[in-house]
Amino acid sequence: MYTVSICNDWYGIAGNNVSAADITTSREEISELLDLLNRNEVSEIHFFDAIEDWFGR
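Residues numbered from 1 in each chain as written. Predicted model: local features only at pLDDT ≥ 70, side-chain atom pairs only at ≥ 80, totals over all residues. Heavy atoms only, no water.

Digging into the packing of helix 1 (residues 27–39) against helix 2 (residues 47–55)
Here's step 1: With their axes 11 Å apart at the nearest point, helix 1 and helix 2 run at an angle of 135° to one another. In terms of orientation, helix 1 lies oblique with respect to helix 2. Helix 2 is crossed by helix 1, and the crossing has right-handed handedness. Within the contact between the two elements, helix 1 uses Glu29, Glu32, Leu33, Leu36 and Leu37 and helix 2 uses Phe47, Ala50, Ile51 and Trp54.
Here's step 2: Of the residues contributing to the contact of helix 1 with helix 2, the split by class is seven nonpolar, no polar and two charged. (Axes fitted to C-alpha atoms, helices over the stretch in contact; angles between N-to-C directions. Helix = DSSP H or I, 4+ residues; strand = E, 2+ residues; numbered from the N terminus. Parallel < 35°, antiparallel > 145°, perpendicular 65-115°, else oblique. Left-handed = near helix turned anticlockwise from the far one by under 90°. Contact = heavy atoms within 4.5 Å. Nonpolar A, V, L, I, M, F, W, Y, C, P; charged D, E, K, R; others polar.)

Written out as structure tokens, the structure is:
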């Protein structure tokens, strides 16, 4: 399960062994991404690919 991390008004996502900081300043966007990752049970192996795909949406 992934959680949101916050640093200096930037939101990121953290898992057990992976994290990505400074993804967006929008709480709505990070909530959308967090829901996508958790709902689809994205493995940590595919974590960064899923985030990259989300940026390209």
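Next comes the rest of the account.
Things to note about unusual backbone geometry
Here's step 1: Phi angles above zero are rare outside glycine, and Asn8 is one such case at about 50°.
Here's step 2: Within the secondary structure layout, Asn8 lies in the loop between strand 1 (3–7) and strand 2 (10–14).
Here's step 3: Residue class for Asn8 comes out exposed when judged on its relative accessible area of 66%.
Here's step 4: Positive phi is not limited to glycine here, since Asp9 has a value of about 70°. (Buried < 20%, exposed > 50% of the residue type's maximum accessible area, 1.4 Å probe, protein only.)

With respect to the pairing of strand 1
Here's step 1: The sheet contact formed by strand 1 and strand 2 spans five bridges and is antiparallel. Along strand 2, the bridge assignment pairs Ile6 with Tyr11.
Here's step 2: Here strand 1 hands over to strand 2 after two residues, with Asn8 in that stretch at a positive phi of 50°. (Pairing = 2+ DSSP bridges.)

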